[in-house]
Amino acid sequence: MPMEKTFNAAEAEPRITAMWEEKNAFAAGANKSRDDSFCVMIPPPNVTGALHMGHAFNNTLQDILTRWHRMRGFDTLWQPGTDHAGIATQMVTEREMAAKGEPSRREMGREAFLERVWQQKIKSRGTIIGQLKRLGASCDWSREAFTMSGAPNAPEGEEGNFHDAVIKVFVDLYNKGLIYRGKRLVNWDPHFETAISDLEVENIEMPGHMWHFKYPLAGGETYDYVEKDAEGNVTLRETRDYISIATTRPETMLGDGAVAVHPSDERYAPIVGKLCEIPVGPKEHRRLIPIITDEYPDPSFGSGAVKITGAHDFNDYAVAKRGNIPCYRLMDTQGNLRTDGAPYAESAMIAQEVARGERTLTEAEIDALNLVPDDLRGLHRFKRPEDNKPQARERVVEQITAEGLAVMIPAPPTTPRPGLDPGPLAEPGAAASDEVPGQARDGVAMVPYVEAKPIMQPFGDRSKVVIEPMLTDQWFVDTAKIVEPALEAVRNGTTKIIPESGEKVYFHWLENIEPWCISRQLWWGHQIPVWYATAPEDFDAYREKLEWVRNQGSAYDGKEPERFAGLKVVRHEVCASTESEALKKLARKLPAGTKLKLAYNNLVSRENDELGGFGIENTGAWVVFVSRDPDVLDTWFSSGLWPLGTLGWPEQTPELQRYFPTSVLVTGQDILFFWVARMMMMQLAVVDQVPFHTVYLHGLVRDAKGKKMSKSLGNVIDPLEIIDEYGADALRFTNAAMASLGGVLKLDTARIAGYRNFTTKLWNACRFAEMNGVWEGHSTQSAPPDATATANRWIIGETVRTLHEVDAALAEYRFDQAADTLYKFVWGKVCDWYVEFAKPLFDGDSAAETRATMGWVLDHCMILLHPIMPFITEELWETTGKRVAPLTLTDWPNLPETLIDAPSMREMTWVTGLIDAIRSARAQMHVPAGLKVTLLRIGLDDTARAACDRNAGLIARLARIETVTDAETVPKGALTIAAEGGTFAIPLEGLIDIAEEKARLEKTLAKLEKDLAGLRARLSNPKFVASAKEEVVEETRGKLAQGEEEAATLSAALARLAELL
RNA sequence: GGGUGAUUAGCUCAGUGGUAGAGCGCUUCGUUCACAUCGAAGAUGUCAGCGGUUCAAAUCCGUUAUCACCCA
C-alpha cells in the first residue's frame, strides 16, 4: 500500500508505544553490546500530579540521552517512578474527601486516613505515567519505583524497599549524631499545621503597614533625645519618656523580650540597659523589657529601635539568642493567639521576674508561659477576609492608640476627617460667621503615624497562607557536618554541574548552609523512627512513694506535688528501624523486668510524646508506656535517597553494582537546593559515593513572551494538547531545539508547528523514495554503497559529517545543536538538493547506485533523528524495508571520516553555488520561471569545466537550462554570472532590462568591494600579518584573491553594458 | 540589600577573538508528477550605551542602564 501524504501521529503513536512495550525494548540493558553503563534517574513527579510543559521538556532531554546511549550499545537504564509528595498529596486527598463528603482526616483518624491516601495514590499514579509514555519516554517501566514503597501500612502491590532505605538512613545519621531534635524557630504553615522548609516559602511583596508606637520608660524616667544631621548639627532635641519603635506586626508585641538599638546609636545611649514597658495589655500588669544593643538594628531605618520577638521572627530570634533574651510563643498551630496555660496576670508576673533577672526558666517553662492578655486569647493573629471582627493585630493597634501611645504626626491634608477638617469653603462674599460652628479651620490635626508601604511577606507555596515563624520542637539534619564532601565532589570535578553557573550557585548555597528541618507535622509520609518513654530517674525512690500512695487507697489528699517533689523523671529516646528493636533498646535503659507497653495509638498526635507514663502493676512489676514520634519526614529527605533507593539499596543488588553512581541527572535549576544538593550530601554521607557524575540544569519553560505559565494568566500550554495537535515528535524536537545551555525556554506554538512541518518533510522524502523504487528489496546496511556519482559520494560524506556533529553535540549536552544539525541536513541537504539531484540520476546509468545511496541516506536520517523523534522514525523504519529489529533497538552508526570524499564535497559545493547564482540572477531579472535558457561558459579553468561537465544534467534541471555552450566572450545583452574558475552568461537580448541588470551588477559589486576593502586593509597591516595565525592570514588572502576575480568579472560585464546604453 | 543570568533581524533565539546566522513572520514569484504542513528569490541589524585590552571584539575586561530569576 503506498504511503499516505502525511504521517498520522495520532494513529501511529499508541500503536508504536504498544509495540515497544511488547518487545520489552526499554528494559535495563536492552541492546547492550558493551560493558559501560548509562543510567538516568527520572526526577520523580508527584504521584498525584499531571504532566506539564516542564515535565515534557525535562523528560524529552532524558529520553534523547537514554535512546542515544541505548542505540550505542551502552548498558542503559532510565529509572522511572513517582514521589509521595507529602504535603501536596495529603492536600489533594483531603480536597477530594471534602468534595465527596467523606469524613475529615481528623474524624477518621490517622490509620484510616493513610489507607485513604494510599487509595488516592493508586488511583492517580497511572495518570502521569501514562502521560510520560505518550511523550515517548523510554523508561524501564517494569522498575517503576515509589518513594513510600514498602512502608508498614502500604497495601498489596506497593511492596518494595524504599521505606527501608529511608529509615536506615535516618537511623544511621541519628547514630552518627548528624540528626537531632531541638526547639528552633521554623517556618510554620498555619493552614497545614506543619513546619515547612525555607525552600517551600515564597516571599512576596504585599501592600502592608508600618505602625509607630511609644514604649514608655519604666518608672517615668526621661532622657534627652537628640537628632543630628550628617554634619553633626543638632536638628532635634527634646525630652522623652519613651522609646519609639516601628513594626509591621503589632500583634507580636505581646511576646517581646527586649528592645534593641545599634551600639553606635548615640540617640539611645543614655537609656541602654534600662527597662521599658510594652504598651499593651492590662495596665496593672504591664511587662517591662530591657533596652539592649545589637548589631542587627539599622540606625537609619525607622526610629532605629527594634522590638525583639524571638519566637516569631527570624532576625529577632538571632538577636534573642545572642542576648539571651527569652522567646515567648504567642500562637497555636493555627495562628490563633494561645488560650492555654495560666491566666495573663500570673504569666506576666513570671516574665517580669525573668526580665529583672530575678529568675531563670528552662526552655520548656518559657514555652509554657502564655503572655497573651486574657481579652485577646483565641483571636487570630490578624483579620482575614473570612473574619468579620477585628482580630489580634487590629485590637492591639486600637488599644495602643486609645491610650495615646501611638506616635502622632500632623494629618496629611488630603485625608478628610469629619469633625476635625475645615468645612466647605464659604460662598464668595459670605461673612466669616457663616462658617459651620465646631469646625477647626486652622488647627493642626494629629493622627497616628502609620506608613502604608510594601512589605515582603512569607507565604506557604502550597497553602498560600502567611507563614508564621514559630518556636517548635523539630528534627534537624546537621547539614554543616555533611556538606563538605558534597562541596568537594563538585570542586574536584567528580560531579560536574552544567551550565557552569549552576556550580557557583551550588557553592554559594552550600557554603552558607542552614540546618535542615526534616520533620513535618503531617500524617502522609515516612514516620520518624524514634520512640519515647518517660520513666523515673531513680526507680527505687519512686517505688517507695508509689507504694505508699497505693497503701493509702484511692484517696488523694491534694499533697501529691509535695510528696513527689525532688523525684525526677527522665524521658528516654531511642531510634531504631523497627518497633520491636526500639522496645529492646528501651528495655536496656530500664531496670530488668520492666514491662514496656505501647501506650496508645501511636499515630495520633504530637502531644503524645509529652504525656508518657509509668506505674507499678499489682504484681509489683514496673510498666513504662512507650510512644512513637508522630511526625513524618520531609518528602525531600526520602527523594534525597532516590538514586540509591530505586536501585534496591540497602540491599546490594546487581543493579546497584551496575548503575551506581548514575550518569546524568537532568532537572530544573529551581530544585538545585531542594533536591540536587541534598542528594549529593545524602549519598555521600551514606555510601561515600556521589549519586551522579553530571547534573544538567535547565530553566523554567515559559510562554512565547517569556512569562511564567500560570493558570491565572491563562497562558498555560498543555503538552498533551500539543501532542494531540502536532504529534509528540514535533513537541520533542521543539524541546531539543530550545535546550541551549543556560538559555531561557520560551515556547511558541508557531515553532512547534514549524517542526511538525519538518516531520512531514522527512516523511515525504521517504515517500518520494518509495515512488522511485528505493525501498524495493531494501534492507538495513551499515556501510554506505560504493558510489561513483559525485552527488552520491557527496551526500554520503554529508551524512558522515552530520553523524559526527550530532555525536559531538550530544556528548556536550547541546541538544539544540544536535537538533539544528539534523534539521539542516535533512531539509537543507537531503530534501533541497539530494532528492532533486536524484531525479535525473534515476533516469541514467547510476540509477541502481543512486537507489542504494538514497536508501542508505534515508535510513541514517531515521537513525540519527530517532532519539529526538522516536515515533515517526520508527514508523518509517517499519514501513520502508526489511528490518531485523525495531529502530529503537538498532545500532547507532559508526562511520569513519574516510568516507568523506573531499573532491566530491568541493565539487558539489561548486555546483550548488552555481545553481544558486543562476537562479538568483534569473529571479532578479524577472526571467520567467518556466523559460529554459542557454548557458554560455567563458574562460573556464579545467576544474570548473570538469565539474560542469560531470554535473551538466543536474545543473540543467535545477537552473532550468536548455543547452550549455562554450563561448569566447559574454555577448551583449546577456546576464553575467561570476563563478569560481570562470564566467557564465545567459544571452537574453531583448528580454531583459539593461538598466536593471546594470543596477543588479553594481549592487553586487559594491557589496563585494566593501568586503574587499576590509580584506585589503587587514592584509596591508603588517601587525596583522605578523601576529595573526598563519591559517587566518592564508584564508584572508584566499578570500581576497577569489573576491578580486569575481569583481573583475563583474566590472567587465558592467563595461559591456555601458556600450549598450 | 546579596547572588546568578540576560540584552543580537519585526518575533523567538543560535553564535567564547577573524568582520553576524537560523526558524517563524514579511515582500515578490510559482500548484513541472515527494511535500502548499511546499518550492524559488528578496528585504531587514550602530550585536543595549560608554570606556578599555588586542593586529582584530557580538565574543575578553571595566562601567552604566534595563529586564528576569534565586536568596535575604
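Just so it is clear, the model here is predicted, and its values are computed rather than measured. (Residues numbered from 1 in each chain as written. Chains lettered and ligands numbered in written order. Predicted model: local features only at pLDDT ≥ 70, side-chain atom pairs only at ≥ 80, totals over all residues. Heavy atoms only, no water.)

## Things to note about the overall build of chain A
Our working definition: Segments assigned H or I by DSSP are reported as helices when at least four residues long, segments assigned E as strands when at least two residues long, and all are numbered from the N terminus. C-alpha atoms define the radius of gyration in this analysis, and the globule rule sets the expected value at 2.2 Å times the number of residues to the power 0.38. Residues are treated as being in contact if the distance between any of their heavy atoms lies within 4.5 Å.
Looking only at helices and strands, one finds 32 helices and 35 strands in chain A. Relative to its length of 1061 residues, chain A is extended, with a C-alpha radius of gyration of 40 Å against a globular reference of 31 Å. Projected onto the principal axes, the alpha-carbon positions of chain A cover approximately 130 × 100 × 60 Å. Long-range contacts, defined here as pairs at least 24 residues apart, represent 78% of the contacts in chain A between residues at least 6 apart.

## Examining the UniProt feature "short sequence motif: 'HIGH' region" (unreviewed entry) in chain A
Our working rule: UniProt positions are given in the numbering used here, feature names are shortened, and annotations may be inferred rather than shown by experiment.
Taking the numbering used here, the UniProt-annotated feature "short sequence motif: 'HIGH' region" (unreviewed entry) corresponds to residues 45-55. Along residues 45-55 one finds 27% helix and 0% strand; the C-alpha atoms at either end are 8 Å apart.

## Details of the side chain of Q120
Within the fold, Q120 resides in helix α4 (residues 105-135). Once residues within four sequence positions are removed from consideration, Q120 is found in contact with T48, V92, T93 and E96.

## Considering the protein's contact with RNA strand B
As a reminder, the rule being used: For this description, a residue counts as near a given molecule or strand if any of its non-hydrogen atoms is within 4 Å of it. Throughout this description, a polar contact denotes any pair of N or O atoms lying within 3.5 Å of each other; where both atoms belong to protein, one of them has to be capable of donating a hydrogen while the other can accept it, and for residues adjacent in sequence the pair is counted only when both atoms sit in side chains.
What surrounds RNA strand B is a group of 46 residues, the closest being S740, K746, T760, W827 and R1018. Considering RNA strand B, the proportion of its atoms within 4 Å of the protein that are sugar or phosphate atoms stands at 61%. Between K761 and RNA strand B, the recorded distance is 2.8 Å, taken from a side-chain N or O atom to a base oxygen. A distance of 3.5 Å separates a base nitrogen of RNA strand B from a polar atom in the side chain of E836. Contributing elements (two or more residues each) for the surface near RNA strand B: α11 (501-511), α22 (749-771), α24 (815-842), α27 (902-924), α30 (994-1020), α31 (1022-1027) and α32 (1030-1060). Examining the composition of the surface near RNA strand B, we find that ten residues originate from one element, α22, more than from any other.

## Thoughts on the packing of helix α2 (residues 53-71) against α4
Let me state the cut-off plainly: The axes are straight lines fitted to the C-alpha atoms, using for helices just the contacting stretch, and the angles between their N-to-C directions are given from 0 to 180°. To sort the angles, those under 35 degrees are grouped as roughly parallel, those over 145 as roughly antiparallel, those from 65 to 115 as roughly perpendicular, and the leftovers as oblique. Two helices that cross are described as forming a left-handed crossing if the nearer one is turned anticlockwise from the farther one by less than a right angle, and a right-handed crossing if clockwise. Each residue is assigned to one class: nonpolar for Ala, Val, Leu, Ile, Met, Phe, Trp, Tyr, Cys and Pro, charged for Asp, Glu, Lys and Arg, and polar for all the others, Gly among them.
It is at 10 Å that the axes of α2 and α4 come closest, and there the two elements cross at 55°. By the criterion of interaxial angle, the relationship of α2 to α4 is oblique. Crossing of α2 against α4: the hand is right-handed. Along the contact surface, α2 presents H55, A56, N59 and T60, while α4 presents I128, L132 and L135. Its residues assigned to classes, the contact of α2 with α4 shows four nonpolar, three polar and no charged.

## Some words on the domain arrangement of chain A
Rule in force here: Delimitation of the domains relies on an automatic or database domain assignment.
Assigned domains of chain A: these are domain 1 (213-421 + 444-452), domain 2 (536-630), domain 3 (734-900) and domain 4 (993-1061). Centre-to-centre, using C-alpha coordinates, domain 1 lies 74 Å away from domain 3.

## Structural notes on the sheet that holds strand β18 (residues 468-477)
Defined as follows: Any two strands are treated as partners once DSSP identifies two or more bridges connecting them.
On the basis of which strands lie adjacent, the open sheet formed by four strands has the order β6-β5-β18-β20 and antiparallel pairing. The outermost strands of the open sheet, each flanked by one partner alone, are β6 (194-196) and β20 (516-517). Here strand β5 (residues 179-189) pairs with β18 via ten bridges, running antiparallel. Note on β18: the bridge partner recorded for N187 is P469. Sitting on the sheet, helix α6 (residues 314-323) touches β5 and β18, and the angle it makes with β5 is about 140°.

## Points about the nonpolar core
As a reminder, the rule being used: Take the buried Ala, Val, Leu, Ile, Met, Phe, Trp, Tyr and Cys residues and link them wherever side-chain atoms come within 4.5 Å; each set so joined is a nonpolar core. Any residue under 20% of the maximum accessible area for its type is buried, any over 50% is exposed, and the rest in between are partly exposed; the area is computed with a 1.4 Å probe on protein chains only.
Core analysis: the largest hydrophobic core is formed by 199 residues, its most contacted members being F170, Y506, F637, F815 and M854. In terms of residue count, α24 provides more of this core than any other element does, 15 residues in total. Sequence-distant contacts of Y506, defined by excluding residues within four places in its chain, comprise A486, L487, V490, I497, L672, A677 and M680. By size, the runner-up hydrophobic cluster in this structure holds 38 residues, among which are Y225, V259, Y268 and V396.

## Some details on the state of the cysteines
As a reminder of what qualifies: Here, two cysteine sulfur atoms that lie within 2.5 Å of each other are counted as a disulfide.
Enumeration over the complete set of coordinates arrives at zero disulfides. Left without a disulfide partner, C861 is nearest to the cysteine sulfur of C766, which lies 7.3 Å away.

## Here's the deal with the packing of aromatic side chains
The test is simple: Any pair of Phe, Tyr and Trp rings, taking the six-membered ring for Trp, is counted once the centres come within 6.5 Å. Such a pair is stacked with planes under 30 degrees apart, edge-to-face with planes over 60 apart, and tilted for the rest.
Counted by the stated rule, this structure contains 30 aromatic pairs. Measuring from centroid to centroid gives 6.4 Å for F733 and Y823, while their planes differ by 45°, and the two rings are tilted. Linking F733 in helix α21 (residues 728-738) with Y823 in helix α24, this pair joins segments that are 90 residues apart in sequence. Given a relative accessible area of 1%, F733 falls into the buried group.

## Structural notes on the sheet that holds strand β7 (residues 201-216)
An order of β10-β7-β17 is seen for the three strands of this open sheet, with the pairing classed as antiparallel. Sheet topology places β10 (242-247) and β17 (450-460) at the edges, where each strand pairs with a single neighbour. If you compare each strand with its neighbour and ignore which way they point, the axes differ by 30° on average. Across six bridges, β7 lies against β10 in antiparallel orientation. Bridging across to β10, H212 finds its partner in A246.

## Some thoughts on the pairing of strand β34 (residues 974-979)
Within β34, five of the six residues are buried, which leaves it mostly tucked inside the rest of the structure. As judged from the six bridges shared by β34 and strand β35 (residues 982-987), these two strands associate in the antiparallel manner. In the strand pairing of β35, T976 is matched with A985.

## Topic: helix α20 (residues 719-726)
We count it as follows: To be clear, the arc concerns the directions from the helix axis to the C-beta atoms.
Every buried residue of α20 is accounted for by P719, L720, I722, I723 and Y726. The arc that holds the buried residues of α20, viewed along the axis, is 155°, so those residues lie on one side. Opposite the buried face of α20, at more than 90 degrees from it, the exposed residues are E721, D724 and E725. Residues of α20 that are buried sit in contact with α1 (9-22), α2, α4, α21 and α22. Between a side-chain oxygen at the N-terminus of α20 and the backbone nitrogen of L720 the separation is 2.9 Å; the capping residue is D718.

## Considering unusual backbone geometry
The phi torsion of most residues other than glycine is negative, and most of the peptide bonds are trans. In the segment running from I498 into P499, the intervening peptide bond is cis, with an omega of -5°. With respect to the helices, strands and loops of the structure, P499 is situated in the loop between β19 (496-498) and α11. One non-glycine residue, E193, lies in the positive phi region at around 55°. Under the relative-accessibility criterion, E193 is labelled buried at 16%.

## Overview of the environment of R919
Structurally, R919 is set in helix α27. Judged by relative accessible area, R919 falls into the partly exposed class, the value being 37%. Separated by 39 residues in the primary sequence, R919 and L958 have C-alpha atoms spaced 8.5 Å apart. The contacts of R919, once residues within four sequence positions are left out, are W833 and L958.

## Examining the packing of helix α10 (residues 483-491) against helix α19 (residues 672-687)
Two numbers describe how α10 lies on α19: the axes approach to 8 Å, and their chain directions differ by 110°. When the axis of α10 is compared with that of α19, the two are roughly perpendicular. Every residue of α19 that contacts α10 at V483, P485, A486, A489 and V490 is listed here: M680, M681 and L684. Considering only residue class, the contact of α10 with α19 consists of eight nonpolar, no polar and no charged.

## Some points on the pattern of salt bridges
Keep this limit in mind: Salt bridge, as applied in this entry: a Lys or Arg side-chain nitrogen positioned within 4 Å of an Asp or Glu carboxyl oxygen.
For the coordinates displayed, the defined rule picks out 65 salt bridges. Among the ionic pairs, E403 bridges to R286, the shortest N-O distance being 2.6 Å. Remark: R286 occurs in the loop between β12 (275-277) and β13 (288-293) and E403 occurs in the loop between α9 (392-402) and β15 (408-410); sequence separation between them is 117 residues. Judged by relative accessible area, which is 30%, E403 ranks as partly exposed. For D387, the salt bridge goes to R384, with nearest N and O atoms at 3.0 Å. The exposure class of D387 is buried, given its relative accessible area of 12%. Residue class for R384 comes out partly exposed when judged on its relative accessible area of 25%. By sharing partners, the salt bridges in this structure join E96, K100, E102, R116 and K123 into a single network.

## Observations regarding helix α5 (residues 162-175)
To be explicit about the condition: What a helix is expected to span follows from its residue count: subtract one and scale by 1.5 Å.
End to end, α5 covers 20 Å across 14 residues, agreeing with the expected 20 Å (1.5 Å per residue, within 8%). Extensive coverage of α5 is indicated by the burial of ten of its 14 residues. For α5, every residue scored as buried is listed here: F162, H163, A165, V166, I167, V169, F170, V171, L173 and Y174. Among the residues trailing α5, G177 stands out with phi positive, at a value near 75°.

## Some words on the environment of L471
In this fold, L471 is placed in strand β18. A sequence separation of 311 residues divides L471 from G160, and the C-alpha atoms of the two residues are 37 Å apart. For L471, the contacting residues outside a window of four places in its chain are K183, R184, L185, A311, Y317, C327, R329 and D367.

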